[in-house]
Amino acid sequence: MKIKYWVFSVAALAVAAGASLAFGTGPVYSEKAVGRYLGQISSMIAGRPLTKDELDRIKRERGAAIQPILENWLYDKFFADSAQVMIQTQLGTSGTNNGINYNLPGNLAKYLARNALPYSEILRAGYCVDDQQRKIACDTGAPFTAGILTTRAYMLTNFGRYNLGRAGKMMRYFACLDYPMDKALQPPLPREKLIPLFQTLEAKPGSDFGNGLACYTCHSQFGAHAQPYVKFDSQGLYRPEATGLQDPALEAGKSFNGLNASHMIEPSDSASERSQMFGEPVNNLRGAALVLAKSDKFLECATQNALHFYLRMTDSEASGIDPRVIREIVTAVKKNDSDPSLNELLLKALTHQSVIESVLASGEER
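Residues numbered from 1 in each chain as written. Predicted model: local features only at pLDDT ≥ 70, side-chain atom pairs only at ≥ 80, totals over all residues. Heavy atoms only, no water.

A. Summary view of the layout of surface pockets. One number sums up the size of the largest pocket: a volume of about 530 Å³. Along the walls of the largest pocket sit 21 residues, with Arg172, Cys176, Leu177, Cys301 and Gln304 positioned nearest its centre. Of all the secondary-structure elements, those providing two or more residues to the lining of the largest pocket are helix 9 (164-175), helix 13 (296-310), helix 14 (315-319) and helix 15 (323-336). If you tally residues by element for the lining of the largest pocket, the top one is helix 13, at six residues. Classifying every residue of the lining of the largest pocket by side-chain character gives nine nonpolar, five polar and seven charged. Of the voids in this model, the second largest pocket is the one considered here, and its volume is about 190 Å³. Lining the second largest pocket are Leu189, Pro190, Lys193, Gln227, Met264, Asp269, Ser272, Arg274, Ser275 and Gln276. Taken together, the residues of the lining of the second largest pocket break down into three nonpolar, four polar and three charged. (1 Å grid on protein atoms, 1.4 Å probe; cavity = no way out; pocket = protein on both sides within 12 Å on 5 of 7 lines; lining within 4 Å. Points joined across faces, edges and corners; volume = space filled by probe spheres on them. Helix = DSSP H or I, 4+ residues; strand = E, 2+ residues; numbered from the N terminus. Nonpolar A, V, L, I, M, F, W, Y, C, P; charged D, E, K, R; others polar.)

What follows is the structure in structure tokens.
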């Protein structure tokens, strides 16, 4: 029955764009419907079933009880803990190994939710957070900090040739974008700036990298996002001496001393962290993170990721949410706060009529 329930919920989220954002202009929900809606999501948000006081309030107020009950949940300790689990689950980073604390990304998410701080700090924070929720320096040794991007946990988990894993995960998780993307959003790098492999415009079967199909189409954008990672080695440590040059003794994409090769053909460019993010010039990874964090794509993606986790969707189900629903939620949140917390984003998402309808889409009457 639970599997059937979530199939219904995803279908509703995919078609329900344009629904009202306010209970006063939307449908009137019965006590039974409100109880079923909040009861279904309470384990993920509050970590428990509905209490007697909450059930009594639902009986008295019906739909009007949804927002205040959710507010109580979203500013409680359990929600902060669940935000930590969300990041750990979706990024695949937790625990410790060989002296590296893979909890740092989740710890920061918990700290932000516990203190209702802007969620953009997940990329903008100039600090990391230890297991006791104390601010500490991040562990890559870089002379700058970009939230969880400058943790060894993130660097190690996403290490790969040409720094494609690190750049790709950054765009997929924090902007919900993959390559190739809209050129108006992410202008391509000039072909002549890239190494010959990534200048390819036509199919070249048998290429020693990827599928050999029109590499320039994707890597003209990929290269811009990978370049700020050029000085982080295979252990996630910052190496200012990194050149980004290909080591001829190693496979394509590998540089010297545990570093990755750059997309750039000129040695001065390949060794530089400077690049561009969404068309804006940036000096390093922190600059790239700041541009990403202020973009509309960031908040939209954060909302999608939150619904993905808290409604227990599969990856394909979450990516199928109608983008109009996501945009409506973000627009509504930003009317009150241009730099909202995860708490605020999820409150607006879970009180959006489309989301409520999706959870009530099992066929029962209101």
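B. Inspection of the state of the cysteines at higher detail. Following the criterion strictly, the structure yields two disulfides and no others. Residue pairing for cysteine 128: its cysteine sulfur links by disulfide to cysteine 138, the two sulfurs lying 2.0 Å apart. In this structure the cystine formed by cysteine 128 and cysteine 138 twists about its S-S bond by roughly 100 degrees; its chirality is therefore right-handed. Of this pair, cysteine 128 sits in strand 3 (residues 128-129) while cysteine 138 is found in the loop between strand 4 (135-136) and helix 8 (152-157), placing the two residues 10 residues apart along the sequence. Note on accessibility: cysteine 128 and cysteine 138 belong to one class, buried. Here cysteine 176 is linked by a disulfide to cysteine 301, with a sulfur-sulfur distance of 2.0 Å. Handedness of the cysteine 176-cysteine 301 disulfide follows from its S-S torsion of about 80 degrees: it is right-handed. Taken together, the residues span a long stretch of sequence, with cysteine 176 in the loop between helix 9 and helix 10 (215-226) and cysteine 301 in helix 13 at a distance of 125 residues. Within the protein chain, bonded cysteines paired by disulfides and numbered along the sequence follow the pattern 1-2, 3-4. Between cysteine 215, a free cysteine, and cysteine 218, which holds the nearest cysteine sulfur, the sulfur-to-sulfur gap is 8.5 Å. The exposure class assigned to cysteine 215 is buried, which follows from its relative accessible area of 7%. When its relative accessible area of 22% is taken as the criterion, cysteine 218 is described as partly exposed. (Disulfide = S-S within 2.5 Å. Buried < 20%, exposed > 50% of the residue type's maximum accessible area, 1.4 Å probe, protein only.)

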